[in-house]
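As a plain string of letters, each chain reads:
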Amino acid sequence: MAHLEVSNVTKRYGDTVAVDDVSFDAEPGRILGLLGPNGAGKTSTIRMITYIAVPDAGAVHYDGRTVGPWSQQRMGYLPEKSGLYKRLGVKEQLVYLGTLKGLSQARAADRADYWLDRFDATDWADMTTEELSKGMQQKIQFIATLLHDPSLLIFDEPFSGLDPINADLLRDIILELRRDDRTILFASHRMEQVEQLCDDICLMAEGNVVLQGPLHDVKAQFGKNTLVLEFDGDDAFVDELVAAGQVRVNTRSAHRAELTLADGTSARQVLDRALDCTDELYRYERVAPPLNEIFVEVVGEAEARRMREAAAAGAA
Amino acid sequence: MSLSKIWLILRSEFWRRVRSKAFVLATLLVPFGAILVLAAPALFGYLAEQTDDRTVAVMDETGRLADSLVAASGERLTFRPVDLSTDSVRSAVRRGQYDGYLRLPASLLDGTGEATYYSMEGGGLSLRSDLDSRVNRVLRRHRLETAGASADVLSIVDSDVALATRKLSEGSGTTDDSTLAYTAIGYVMALVIYFAVFFYGQYVMQGVIEEKSSRVVEVIVSSVRPFELLMGKVLGIGAMGLAQMVTWAALAAGGMAVVGPVLALFFAPSDLGASPGASPDAMREAAGISVPTIPLDLVVWFILFFVGGFLLYASLFAAVGSAVEQQQDAQNLLLPVMTPLILPILFLVFIIESPNATVSVVTSIIPFFSPILMVLRMAITTVPLWEIVTAFVLLVGTFVGMIWVAGRIYRVGILSYGKTPSLREIARWATYR
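Residues numbered from 1 in each chain as written. Chains lettered and ligands numbered in written order. Predicted model: local features only at pLDDT ≥ 70, side-chain atom pairs only at ≥ 80, totals over all residues.

K.L.:
Would you explain the interface of chain A and chain B in this entry?
P.N.:
Where the parts come together, the accessible area they lose is often given as the size of the interface. Across the contact, 22 residues belong to chain A and 18 residues belong to chain B. Ranked by residue count, the leading element in the side of chain A that touches chain B is helix α3 (residues 90–100) of chain A, at four residues. Each residue belonging to the side of chain A that touches chain B can be placed in one class, and the counts come to 12 nonpolar, six polar and four charged. (Contact = placed C-beta atoms within 7 Å. Helix = DSSP H or I, 4+ residues; strand = E, 2+ residues; numbered from the N terminus. Nonpolar A, V, L, I, M, F, W, Y, C, P; charged D, E, K, R; others polar.)

K.L.:
Help me understand the packing of helix α9 (residues 236–243) of chain A against helix α10 (residues 267–277) of chain A, please; the structure alone is not making it clear to me.
P.N.:
Two measures define how a pair of helices packs: the angle their axes make with one another and the distance between the axes. Residues and elements named next belong to chain A. α10 packs onto α9 with a crossing angle of 150 degrees between their chain directions and a minimal axis gap of 9 Å. Accordingly, the angle class assigned to the pair α9 and α10 is roughly antiparallel. Where α9 crosses over α10, the handedness of that crossing is right-handed. Seen from α9, the contacting residues are A236, F237 and L241; seen from α10, they are V270, R273, A274 and C277. Residue classes in the contact of α9 with α10 are distributed as six nonpolar, no polar and one charged. (Axes fitted to C-alpha atoms, helices over the stretch in contact; angles between N-to-C directions. Parallel < 35°, antiparallel > 145°, perpendicular 65-115°, else oblique. Left-handed = near helix turned anticlockwise from the far one by under 90°.)

K.L.:
Quick question: what am I supposed to make of the sheet that holds strand β13 (residues 256–261) of chain A here?
P.N.:
Each strand in a sheet pairs with its neighbour through backbone hydrogen bonds, running either in the same direction (parallel) or in the opposite one (antiparallel). All names here are of chain A. The antiparallel open sheet is built from four strands, whose spatial order is β12-β13-β11-β14. Of all the strands in the sheet, the pair left with one neighbour each is β12 (247–253) and β14 (280–287). The average angle at which neighbouring strand axes cross in this sheet is 20 degrees, direction not considered. Note: β12 against β13, six bridges, orientation antiparallel. Counted as the bridge partner of R248 is T260 from β13. Where α10 meets the sheet, its contacts fall on β11 (226–232), β12, β13 and β14, and the angle it forms with β14 comes to roughly 170 degrees. (Pairing = 2+ DSSP bridges.)

Written out as C-alpha cells, the structure is:
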C-alpha cells in the first residue's frame, strides 16, 4: 500500500491565498486527522489531493506519482455536506458512481449489493434518494465512497447527521479499513472524534500547517500541564487562582474543573488550595492537555472559539 | 480527456431523463397540442363556410339584372329576386328570411347609380368583395351587350387569367415556385431551432444547478474531470432533444399518412372541394393539409445548425448554471446568453421579405445568429454554398471556443457556494489556473 505526500502546495483564488506552502505525509495503515476551523484551507487542500483542483505551486504525490485521473480511480472521497442525485434510485446511483470510478457495470452492482447488505440497507435499493432520511443518505454516500475498493480514503465530517448507533457502525468500518493498510484522511472540527480515531494529526490555520505529527508525540510535546479536579463544596478558590494568574480554565462546572497551569505555577500550589477550600476532593489528576487546549495554545483563543462554534453548528 | 467517461455520463443523463414521466408526457402531448393549434383554424374555417351560405333578396329596379344575378349564384351566395315594397323586404330580412337585400337602382344601367346592400350584421370583408365582383360582372356584361359588343368581346371580358410563379434555378430551366410554402417551412425551422436551443439549454442549466445544490457534484468531479462531466451532460441532453424531435417528426410523418384515410371516413370528397372518387391523398391536399417536399440538403443543414447552435448555447447555459445555487438567481446572469438568442427572432420578418439584402446575408453568417437565420434563408432563397460553409465553420469555431471558456467557468462555479457572483467575477473565473 502506498503513501500520500503533500509537498509545499500553495493555492490562490483571486487575491486570497487559501493554502500557503503546506506539506504533510499520510502513511498506509494509519489515520491522519486534518484539523482546523472553517477557512483554514482544509477543503482546498483536500481538493488538491483529490485532483479536483491543481496547486499553483508544489505538488501532491500518491504512490510516488503526481496525482491525476489515475489516482482518482484509487481514491474514495466523502465531501462534507455532499449529496446524491435526488430522483435516482439508490442502487442505480451506486452503480453509476462506481462505473465512474472505473468499475464494470456488473462488478459495481455486486459491490453495491455487498455493502447495502452490510448496512442493513438492501430494502432501500429501489428507493430514490429523496425518500431517504438524512442519516440513510449519509450511509449511502459512505457506501459510494468505498464501492471501488479504494486504497486512499478521504472523509470530511463523515459523522454529521448520524445517530450514535450508526456513527459507531461507521467508526468500526473506518477502523477496519485502517487494518487493511489503507491510507485514511479524516477532516473534522470535532476534537473528541479526532482524538478517538486518529494516529497522526495535522493542524491548519489560515492556510498554514501550524502543528503536525503523531498524536502522542504532539501531546507529549505540550507536557502534562493540565489538571482535572472533582470535588464537593465551595469552588471560589478557582476564581482566586485565575485572578492570581496561576491557572487558566478549560472547562468548569459546579463540581468539576479542568485547568491549565500557567508558567511558573507548580501543580502542588493548586492542590494545596483545593485541599484548603473544598469539603471533599474526589479526583486530582495531572494529564496531557486535550487537543482543543493544544489548539488554543497554538492558534489563539479567538480562532479556537470559532472552531468550537463551527463544530457546534455542524453537530446541530 | 476520457471519452469512455463522457460516454458513461451521456448515457446516464440520457436515460434518466428519457424514461421520466415528464419527458414521456411532453413527447406525447406536444404533437396533440400542435394538431389542435394547426387544425383549429382549418376546422373553424370549414364550419364558417358551412354556415356562411347567404341568401340575398334582390330588389331589381332596373328590371334587367335579376335573372343574370340569379344565374351567377355561387356556392356561398344565393340571389332571390323579390317584388316587394322596401318595408316588407326589410321586415323579411329582420325576420331572418333573408340574410340581407340588395337594391339595384335603375340608374345603374347608365353607370351612374350605386348598388346598396342592406343587412342586419353588415357582412364580412369576403362577402363584400364577393357581392361587389358579382354585381360588377353582371352589370358590365349587360352594358356591353346593350352597347352591341360581339360574343368574342364578351368571352374576353368573362375570361379570368391565372397567375403562376416560376423560380429560375441555378442551372437551366425553371422549377415550381412555392415561395409561400418554403417561407412557412423556413419560418417553422427557424422557430424550432430557437425553441429547441432555448428549452434544451434551460434543461442543461437546470441539471447543472440540481447537481450543484444537491452537492453531488463534488463526488462526481473526484471521479471525472469537470469538462468530461460538462460534455457528458450537454451531449446527453442534446441526445434527449434529438430523440424527442425525431419522435415528433415520425409522429408527423405517420400523421400525414393517416390523415387522408381519416378524412375519407368523415367527409365526402365533394365536401372538401375534391373531385368525386378522389384518392385519400388528393382529399388531404384538397383539405389544405399538405407539406411540400423538403430538400434533403436543407434537412442535413438544419440538423447540423441545430447541433452547432445547441452546443454553443448549452455550454453557456451550463456556465451560468454553475455560478448559482437556485434557478431564480440565474435571471440576471442569463441576459448575455438570452440576448443573442432572441435577437435573430427580431430579424425574421425582415429576412423573409428580403432574404438577399446585405443585412440578411451578414446576420445569417454571425455565429450566434446563424443557427436560426441561415436555416431560414436556405429555405426561402438560394444561398451560395460559400455563405453556408462560412457560417457553419464560424459556428463550429465559436462553439469550440465557448465550450472551452464555459468549461473553465463551470469548473470553478460548481464548487463555489455562497453569494451569487457578478458577471465580472465569473469572467475572472475563466482565468483561474
